[in-house]
Amino acid sequence: MLRNASIVMAGLVAANLVGLLRQIIISRTFGTSAAPDAYFAAFRVPDLLFNVLAGGALASAFIPMFTGFLAEGDSPRAWRLASAVVNNLLIVLCAVAGLAALTAPFLVRAVLARTLPPDQQQLTVDLMRIMLLSTVIFGVSGLLMGVHNAHNHFVSPALAPILYNVGIMGGALTAPWLGIYGPAWGVVAGAALHLLVQLPALFRHRPIYTLALDLGDAAVRQVGKLMLPRMFGLAVWQINFWVNTVIALTLPVGSLSALNYAFQIFTFPQAAIAQAIAIALFPTFSTQAARGERDALRSTLTSALNLTLFLALPATVGLILLGKPIIAMLFEGGEFTANSTTLVAWALAWYAAGLVGHSVVEVVTRAFYALKDTRTPVLIGTGAMILNVIFSLTFTRLFDSWGQPPHGGLALANSLATAIEMIGLLVVFSRRLGKLDVRVMTASVWRATVAAAAMGLVVFGWGKLVAASPWIVGVGGAAVGAGIYFALALLLRSPELQLIRRARTNP
């Protein structure tokens, strides 16, 4: 588990570093002005279509079915399923993306950016139509990632996000000539690179492609049935982002850009920790579920959650205490002013409060999907997202009445709703498969909590004592904090450190 997770983690860290460089270029070029507001608003529709039709929904339904056939030794049946799924997916994505391009003016004026002036609305429409091309490409690429993961191959899928960010970064570098259209075309180029890097490794699996739809096939229909609840849940999640976008566009100029910059920084540790562990474990969960090994699945999930919390707790403290100097260090310059840093840091602190919740949800939902249960996470997630909308409207008004930047209320709403979702998932999972090993989890979590609290005190003191350049406070604080945390974890004999040592000595 840890070796596979380390491969995914390394890839996600590299992808996020390149993404961070990409974001530095965009932020210093455009700041928190109207142009990036249009860019981020336009990105919502392609992102919605990919995630609902071809992203997490496809993986959650396809991987358990594909892995099940491989576990039974029926490779031809697995490849026929993959062929039918990708053929149907391409037809659907082309149709839906084309319809979205045709109706883009209505979507922008009536739903997405109705508060923007006409010229900015037209810019949003143009950017959206460009980025919709990436949706179709990502459909094929997303399925290939599932195929690789089912074969316990994680290198190519780990490289794909890196090249995707390279493509966007290349587009951002063309901003002096293309303006905000440069990053939009970069999204399309990045999607193409995301697909191409996965093709060489695909042939090692000896794929058998069939030009068929197989709509009457039981396995294909089962994938569709499993996708439907997940698609609904993702649609609700994306609609929630739309609602946040609409609310943010009614707030002071730059609020939406600040939220997006903050969320992208927040997803760095969230991806490196939770997504890496969840992606690496999903094939294992699926195999254990296919064989009926529920005790093993529960034990694996317990270990995964312990490792997730061990890494997420100090990351939460670090984001809250070091967010502002790190943002200033990375982004400040050009059009990105000190005021921009303050806006982004404010949102980041409230997003960081939800890192543990986001991380646990990422892992636990994979266990449900492995059991071919996409309905339960969707029902719980839908309830949480409804709460998110309510919280968003409430907290923005409260923050504004308190004289605080109101966009922080949107970040807090996200964190609180996700914490409620985490609790709901753990309760239902425990009732269905039996309680997780509370004794083992408690022994792990209290050690991580003590170490993270002590780390926080040291990092806070560091910021007060060496209030100098953001580089000294940010980089120095991160290094000191990490050293303190892992030293205390070693003294407290945290089980996760022993797990890491065993993984390193038994390659």
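Per chain, residues are indexed from 1 in the order of the written sequence. With pLDDT at 70 or above as the cut-off, local features in this predicted model cover only qualifying residues; side-chain atom pairs require 80 or more to be listed or tallied, and sums for whole chains, interfaces and linings still use all residues. Hydrogens and waters are ignored; side-chain quantities use all the structure's heavy atoms.

A. The overall build of the chain, seen in detail. What the chain contains, in helices and strands, is 20 helices and zero strands. We compute the radius of gyration over the C-alpha atoms and compare it with the globule rule, which gives 2.2 Å times the number of residues raised to the power 0.38. Relative to the 2.2 N^0.38 estimate, which gives 23 Å for 507 residues, the radius of gyration of the chain is 22 Å and therefore close to what a compact globule would have. We call two residues in contact when some of their heavy atoms are within 4.5 Å. Long-range contacts, defined as pairs at least 24 residues apart, comprise 84% of the intrachain contacts of the chain with a sequence gap of at least 6. For accessible areas, the Shrake-Rupley method is used with a probe of radius 1.4 Å. Any residue's cover is judged against the shown protein chains and nothing else. Just so you have it, the chain exposes about 20,600 Å², and 68% of that area is on carbon and sulfur atoms. When charges are counted, neither His nor the chain ends are considered; positive counts come from Lys and Arg and negative counts from Asp and Glu. Lys charges are placed at NZ, Arg charges at CZ, Asp charges at CG and Glu charges at CD. Taken together, the 32 basic and 18 acidic charged side chains of the chain have centroids lying 7 Å from each other. Helix and strand labels come from DSSP, where a helix needs a run of H or I of at least four residues and a strand needs a run of E of at least two; each type is numbered from the N terminus.

B. Structural context of the layout of surface pockets. Throughout, the protein atoms alone are placed on a 1 Å grid, and a set of points is a cavity if a 1.4 Å probe fits but cannot get out or a pocket if it is open with protein on both sides within 12 Å along at least five of seven lines; lining residues have an atom within 4 Å of a point. Grid points are joined across faces, edges and corners, and a volume is the space filled by probe spheres set on the points. A volume near 840 Å³ is recorded for the largest pocket. Along the wall of the largest pocket there are 30 residues; nearest its centre are Phe268, Pro269, Ala315, Leu319 and Ala478. Broken down by secondary-structure element, the contributors of at least two residues to the lining of the largest pocket are α1 (2-30), α12 (255-290), α13 (294-331), α18 (438-465) and α19 (470-491). The element contributing the most residues to the lining of the largest pocket is α13, with ten residues. Under the grouping applied here, Gly and all other residues not named as nonpolar or charged are polar, the nonpolar ones being Ala, Val, Leu, Ile, Met, Phe, Trp, Tyr, Cys and Pro and the charged ones Asp, Glu, Lys and Arg. Split by residue class, the lining of the largest pocket holds 24 nonpolar, six polar and no charged. Taken as a whole, the second largest pocket encloses approximately 360 Å³ of empty space. What lines the second largest pocket is a set of 14 residues, among which Asn88, Val220, Val223, Gly224 and Met227 lie closest to the centre. Counting only elements with at least two residues in the lining of the second largest pocket, the list comes to α4 (75-102) and α11 (218-249). No other element matches α11, which puts eight residues into the lining of the second largest pocket.

C. Spotlight on the packing of α4 against helix α5 (residues 104-112). Taken N-terminus to C-terminus, the directions of α4 and α5 make an angle of 65 degrees; their axes are 4 Å apart at the nearest point. Of α5, the residues touching α4 (which contributes Ala100, Ala101 and Leu102) are Ala104, Pro105 and Leu107. Among the residues making up the contact of α4 with α5, the classes are represented as six nonpolar, no polar and no charged. Think of each axis as a best-fit line through the C-alpha atoms, taken over the contacting stretch in the case of a helix, with angles from 0 to 180 degrees between the N-to-C directions.

D. Structural view of the packing of aromatic side chains. Ring geometry is summarised as follows: Phe, Tyr and Trp rings, the Trp one being its six-membered ring, pair when their centres sit within 6.5 Å, and such pairs are stacked at plane angles under 30 degrees, edge-to-face over 60 and tilted between the two. Applying the stated criterion across every chain yields a total of 18 aromatic pairs. For the ring pair Phe40 and Tyr261, a centre distance of 5.8 Å and an interplane angle of 90 degrees mean the geometry is edge-to-face. Here the residue Phe40 occupies a position in helix α2 (residues 34-54), and Tyr261 occupies one in helix α12, the gap between them amounting to 221 residues. Taken as a pair, Phe40 and Tyr261 share a single burial class, namely buried. Aromatic side chains Phe66 and Trp79 sit 5.5 Å apart centroid to centroid with 75 degrees between the ring planes, which places their arrangement in the edge-to-face category. Of this pair, Phe66 sits in helix α3 (residues 56-71) while Trp79 sits in helix α4, and the two are 13 residues apart along the sequence. Categorising residues by exposure relies on relative accessible area from a 1.4 Å probe, with only protein chains included: less than 20% of the type maximum marks a residue as buried, more than 50% marks it as exposed, and the intermediate range marks it as partly exposed.

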